[in-house]
Amino acid sequence: MFSDAERRAMARALVLAARGPRGVNPQVGAVILAPDGEVLAEGWHRGAGTPHAEVDALSHLPAGAARGTTAVVTLEPCNHTGRTGPCAQALIDAGVARVVYALADPGAVSGGGAGRLASAGVDVVSGLLSVEAAQLIESWLELVRLGRPRVTVKWAQSLDGRAAADDGTSQWITGPEARADVHRRRAEHDAIVVGTGTVLADDPSLTARHGDELYAHQPIPVVIGERAIPEDARLRAHPRELIHARTHDLAAVLTDLAERGVQSVFVEGGPALASAFFAAGLVDDVLVYTAPLLLGGSRLALGEIGVPSMPEAIRLTEPTLIALGSDQLLHARVTPLVSPAPGARTITEEPRMIDNSRTAASTTVRSAEATVPTVHGTFRFLAYHDAEAGTDHLAIVAGELGERALVRVHSECLTGEAFGSEKCECGPQLDAALDLINEHGGVVIYMRGQEGRGIGLLNKLRAYALQEQGLDTLDANLALGLPADARDYRAAAAILDDLGVHEVRLLTNNTDKVHQLESLGVTVAEQVPLVVGVGPNNEGYLETKRARMGHIIDDALLHPQG
């Protein structure tokens, strides 16, 4: 259905899409392929009012050069005229013969480009790397589905559910680890919302900080309420422009934020505002930081939320508990209380969620260094320690690390590397990567604590047992209630930054790894497939990776002829 060239092109298009800004429009990337699979042009959308990805890619070709080509796009080409014309028509006019896209456009107005293309005789195919594409624009898809930004409500409380002592003091209920997690999550949202009461009582800065430093991304500060904000309020020094919504109509505030391109909102405004969002049915996610202390008294973390009796209770789903020092974080989703926005088209693809609640890159520091001779060559071993997660990683370096360094980010695999298990290709991949960097220079970043795509050794063996009963590697994880892939690469990005490496040729078959590293500020100039160790005991495993997880693996290697 899809050629290897198209798979590589879609992986590249996702990387390009991530370069675009989050906002009113989705992040989209496009690659134009010649009939023989050669990449002719690339493009991505740079924000509202600029050319869409397909048009941007076509603009890099001479007139007539797109005739008979294939356009590979992360989102269905649009079918409407806004600030720019319909991309579907642009592809038709250019003579493109085939269009491969990952996800359908859910917009009632913008969607339908595939039908327009097909009516014009263009071969149209969808679904390539749809999980990865949905993950990239998850918050935008939610914006279209809900008609408003996704809302996360956060609060900190004592074990008995109090947000403050009776005298009003609340600093600090939780410890430094929990507060650091809050700041990290602030930086992951487009806007942070409080009420005027919080501003007058606490004078918050509403910035996202790590220690004394600001995170690169800062949420827009939003204050809801009619009372005036003092001229000397700390949030007036926020690096983003303050929005003061002089209203108590929360739905109207969210509509206004959506029109400004805000896709996610972090509500951190105290019991009154949090309760009002619940009562209005406008909460999607909950973050509750609970400290092991008792306060008693009347200052509850939540007030009236519109629940008169038990049958009307607001139900939480997908609860996850995370230990943060002596505190506990509960992350859960709220059972949907609203229908999709009028006219929204249904999205059937379920994005894979990545749990980024673990190691923050900024806590990863170089701790030791030595020269180590190995059977693959002599390397410089640099050890890195993550003080927060208590995990050690290695950077195995050969030669000088110049521009576009050859890099392998390799996850620990005890069964494959120490015992030669043939159920995976991890051992041969590590050997091949070390041989390549010894020959050409580069670095292997060896990520410990990522056994079994991050689910741990015990769960990995449990998943193996389910695979013996007929499940594939992805469904086995899901059957255990675990994600298909629980890894994140924050520490790897931090290590590369410490080494002064910002643009890489990445040795990997995994397009999701490329996307994650790009989202963490690492430019992947080239994805270099590393297909080794294929055998009868792992062909099914590798086929699942190729067909269901978007890995770039030549079908001929898995299914040789003759």
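Residues numbered from 1 in each chain as written. Predicted model: local features only at pLDDT ≥ 70, side-chain atom pairs only at ≥ 80, totals over all residues. Heavy atoms only, no water.

### With respect to unusual backbone geometry
- Following Gln171, the chain continues to Trp172 via a peptide bond in cis, the omega torsion being -5°.
- The residue Trp172 is located in the loop between β6 (150–158) and α7 (176–187) in this model.
- Notably, Leu206 is not glycine yet its phi reads approximately 60°, a positive angle. (Helix = DSSP H or I, 4+ residues; strand = E, 2+ residues; numbered from the N terminus.)

### Quick look at the side chain of His515
- Counting through the fold element by element, His515 comes out in helix α17 (residues 511–519).
- Those residues in contact with His515, other than ones at most four positions away along the chain, are Ala18, Gln135 and Leu136. (Contact = heavy atoms within 4.5 Å.)

### A word on the confidence of the model for the chain
- With 92% of its residues at a pLDDT of at least 70, the chain reaches an overall mean of 87.
- A low-confidence stretch, residues 337–361 (pLDDT under 50), is modelled with 71 contacts involving residues beyond four sequence positions or located in other chains. (pLDDT = per-residue confidence, 0-100.)

### A short note on the environment of Thr152
- Mapped onto the elements of the fold, Thr152 is located in strand β6.
- Residue Thr152 is classed as buried on the basis of its relative accessible area of 7%.
- Between the C-alpha atom of Thr152 and that of Ile552, which follows or precedes it by 400 residues, the distance is 35 Å.
- Discounting residues that sit within four places of it in the chain, Thr152 has contacts with His189, Val265, Phe266, Val267, Asp285 and Leu287.
- Among the polar contacts made by the side chain of Thr152, one reaches the side chain of His189 at a distance of 3.5 Å. (Buried < 20%, exposed > 50% of the residue type's maximum accessible area, 1.4 Å probe, protein only. Polar contact = N/O pair within 3.5 Å; in protein donor to acceptor, adjacent residues only side chain to side chain.)

### Some words on the sheet that holds strand β10 (residues 220–224)
- The eight strands lie next to each other as β11-β10-β7-β12-β6-β13-β15-β14, forming an open sheet whose pairing is mixed. Two strands close off the open sheet at either side, each with one partner strand: β11 (243–245) and β14 (316–324). This sheet shows a mean twist of 20° between the axes of neighbouring strands, independent of strand direction.
- Of the strand pairs in this sheet, β14 and strand β15 (residues 327–334) are connected by seven bridges, and their pairing is antiparallel. (Pairing = 2+ DSSP bridges. Axes fitted to C-alpha atoms, helices over the stretch in contact; angles between N-to-C directions.)

### A short note on the pairing of β10
- With respect to burial, β10 is a largely interior element, five of its five residues being buried.
- Where strand β7 (residues 191–195) lies against β10, five bridges are found, and the strand directions are parallel. Bridging across to β10, Ile192 finds its partner in Pro221.
- Pairing analysis gives three bridges linking β10 to β11, with the strands arranged parallel. Along β11, the bridge assignment pairs Val223 with His244.

### Quick word on helix α12 (residues 426–440)
- Compared with an ideal rise of 1.5 Å per residue, which puts 15 residues at 21 Å, α12 spans 21 Å between its outermost C-alpha atoms and is within 8% of the ideal.
- Residues Cys426, Gly427, Gln429, Leu430, Ala432, Ala433, Leu434 and Ile437 constitute the buried set of α12.
- Buried residues belonging to α12 abut β17 (377–386), β18 (391–398), β19 (405–411), α11 (414–417), β20 (442–447) and β21 (503–507).
- The first or second residue beyond α12 is Gly441, which carries a positive phi of 85°. (Expected span 1.5 Å × (residues − 1).)

### Details of the packing of aromatic side chains
- Under the counting rule described, the total for this entry stands at one aromatic pair.
- The ring of Trp44 has Arg19 sitting right over it, with the charged end atom 5.3 Å from the ring centre.
- Between Lys423 and the ring centre of Tyr464, over which it is positioned, the NZ or CZ distance is 4.8 Å. (Phe/Tyr/Trp six-rings, centres within 6.5 Å; stacked < 30°, edge-to-face > 60°. Lys NZ or Arg CZ within 6 Å of the ring centre and 35° of its normal.)

### Regarding helix α3 (residues 87–94)
- For α3, the complete set of buried residues consists of Cys87, Ala88, Leu91 and Ala94. Taken down its axis, α3 places every buried residue within 130° of arc, on the same side.
- Here the buried face of α3 lies against α2 (53–58), β3 (70–75), β4 (98–103) and α4 (113–119). (Arc of directions from axis to C-beta.)

### Quick notes on the nonpolar core
- Ranked by size, the top nonpolar core spans 50 residues in total, and within it Val96 and Val99 carry the most contacts.
- For this core, the element with the highest residue contribution is helix α1 (residues 4–17), accounting for eight residues.
- Apart from residues lying up to four places away in sequence, Val99 is in contact with Ala71, Pro77, Leu91, Leu117, Val122, Asp123, Val124 and Val125.
- Counting residues in hydrophobic clusters, the runner-up holds 29 residues, among them Leu250, Ala274, Ile305 and Val334. (Core = buried A, V, L, I, M, F, W, Y, C linked by side-chain atoms within 4.5 Å.)

### Things to note about a nonpolar patch on the surface
- On the surface, Leu414, Phe419, Leu457 and Leu461 cluster together into a nonpolar patch covering about 380 Å² of accessible area.
- Tracing the chain through its elements places Leu461 in helix α14 (residues 457–468).
- Looking at Leu461, the relative accessible area reads 44%, which means it is partly exposed. (Patch = residues over 30% accessible without salt bridge, like charges linked within 9 Å, V, L, I, M, F, W, Y side chains within 5 Å. Areas by Shrake-Rupley, 256 points an atom, 1.4 Å probe, with all protein chains shown as cover. Salt bridge = Lys/Arg side-chain N within 4 Å of Asp/Glu carboxyl O.)

### What to know about the pairing of strand β2 (residues 39–44)
- Relative to β2, strand β1 (residues 29–33) is paired through five bridges, and the arrangement is antiparallel. By the bridge assignment, Ala30 is partnered in β2 with Gly43.
- Joining the antiparallel neighbours β1 and β2 is a turn of five residues, in which Gly37 adopts a positive phi near 95°.

### Some remarks on the pattern of salt bridges
- Summed over the entire model, instances satisfying the criterion amount to 30 salt bridges.
- Of the charged contacts in the structure, one is a salt bridge between Arg366 and Glu369, with a shortest N-O distance of 3.4 Å.
- Exposure remark for Arg366: the relative accessible area of 37% places this residue in the partly exposed category.
- Here the salt bridges share partners, and the residues they tie into one network are Glu138, Glu142, Arg145, Arg150, Asp285 and Arg333.

### Here we look at the sheet that holds β19
- Pairing is mixed across the open sheet formed by seven strands, whose spatial order is β16-β17-β18-β20-β19-β21-β22. The open sheet terminates on both sides in strands that have one partner only, identified here as β16 (364–374) and β22 (523–528). Between one strand and the next, the sheet's axes are offset by a mean angle of 25°, whatever the strand orientation.
- By the bridge criterion, five bridges tie β21 to β22 in an arrangement that is parallel. Pairing of Glu503 across the sheet is with Thr523, part of β22.
- In the packing of helix α16 (residues 490–498) onto the sheet, the strands contacted are β16, β17, β18, β19 and β20, and the crossing angle to β20 comes to about 145°.

### Considering the environment of Pro292
- If you trace the backbone, Pro292 turns up in the loop between β13 (285–291) and β14.
- Accessibility expressed as a relative area gives 58% for Pro292, which makes it exposed.
- Along the chain, Pro292 and Leu480 lie 188 residues apart, while their C-alpha atoms are 30 Å from each other.
- Other than its neighbours up to four places away in sequence, Pro292 contacts Ser326 and Asp327.

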